Amino acid sequence: MMVDNLKALQKQIPHHVKLVAVSKTKPVEDIQEFYAAGHRIFGENKVQELVEKYAALPHDIEWHLIGHLQTNKVKYIAPFIQLIHSVDSLKLLKEINKEAAKNKRIIDCLLEFYIASEETKFGLSLEEARAILSSDEMNDFKNIRIVGVMGMASFTDNTELIHKEFEQLRTIFKQLKQDFFGDKIWFNELSMGMSNDYKIAIEHGATMVRIGSILFGKR
Ligand SMILES: *Cc1c(COP(=O)(O)O)cnc(C)c1O
């Protein structure tokens, strides 16, 4: 039955937009159902849960970390993680680079931006991101690749505000691309949009949506 949710959602999402199925708090059996239907990209927000699910499931799943990441936990996911959506400091980039090198890998990362008007969200301001990207240390990070940006809109019924926040993230993306990634074709991902606002996010250029409840049901 859950597979029907996936099929219905796929019809709503243009082909160029990647669907990250957010499986946090859901059992591996649920993930297996989507896997059997051909879905391969799953997102988790906690390192321990992610590591357990990685061990229990087929290894051609593309795992994305979408939640806040502490530097001391990078080592647990470095061997297999495909994309870290939630990079919000130079210190964290440094640690990801170090652990990626140990595993002889290049790990793709998104810079997380603070766009919501709520207090509790993690993320960088444009100024902070500029400072990180201009720092000398960035040149030493041979084992990470910054492939785009991520953000969460306010949790609200005010669609006008959500439009504004996603447009703000697209502007940030375009400015960084122009100022820091002009020759880097891989800087191309705009991760925004969840169950309640993914349609608005796609209108504003999302290349990746992170959707949980629509697929797996309420948590
Ligand atoms: C939980 C979560 C999602 C998915 O939320 P839904 O409303 O269930 O679609 C997306 N992004 C992040 C960062 C999350 O923590």
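See the structure printed just above.
Residues numbered from 1 in each chain as written. Predicted model: local features only at pLDDT ≥ 70, side-chain atom pairs only at ≥ 80, totals over all residues. Heavy atoms only, no water.

Draft legend 1. Focus on helix H7 (residues 159-180). Taking 1.5 Å per residue as the helical rise, H7 with its 22 residues ought to reach 32 Å, and the 31 Å between its terminal C-alpha atoms agrees with that figure. Listed as buried for H7 are Leu-161, Ile-162, Glu-165, Phe-166, Leu-169, Ile-172, Phe-173 and Leu-176. Along H7, the residues classed as buried sweep out an arc of 135 degrees about the axis, all on the same side. In H7, the exposed positions that point more than 90 degrees away from the buried face belong to Glu-160, Lys-164 and Gln-178. The inward-facing, buried residues of H7 abut strand S5 (107-113), helix H6 (126-134), strand S6 (144-151), strand S7 (189-191) and helix H8 (198-203). (Helix = DSSP H or I, 4+ residues; strand = E, 2+ residues; numbered from the N terminus. Expected span 1.5 Å × (residues − 1). Buried < 20%, exposed > 50% of the residue type's maximum accessible area, 1.4 Å probe, protein only. Arc of directions from axis to C-beta. Contact = heavy atoms within 4.5 Å.)

Draft legend 2. Region of the structure containing the site of the ligand. Neighbouring the ligand are the residues Val-22, Lys-24, Ile-66, Met-150, Met-152, Met-194, Ser-195, Arg-210, Ile-211, Gly-212, Ser-213 and Arg-219. Within the contact set of the ligand, an oxygen atom lies 2.7 Å away from a side-chain nitrogen or oxygen of Lys-24. For the ligand, whose free accessible area comes to 390 Å², the fraction covered by protein is 91%. The residue makeup of the shell around the ligand, split by class, is six nonpolar, three polar and three charged. (Near = heavy atom within 4 Å. Polar contact = N/O pair within 3.5 Å; in protein donor to acceptor, adjacent residues only side chain to side chain. Areas by Shrake-Rupley, 256 points an atom, 1.4 Å probe, with all protein chains shown as cover. Nonpolar A, V, L, I, M, F, W, Y, C, P; charged D, E, K, R; others polar.)

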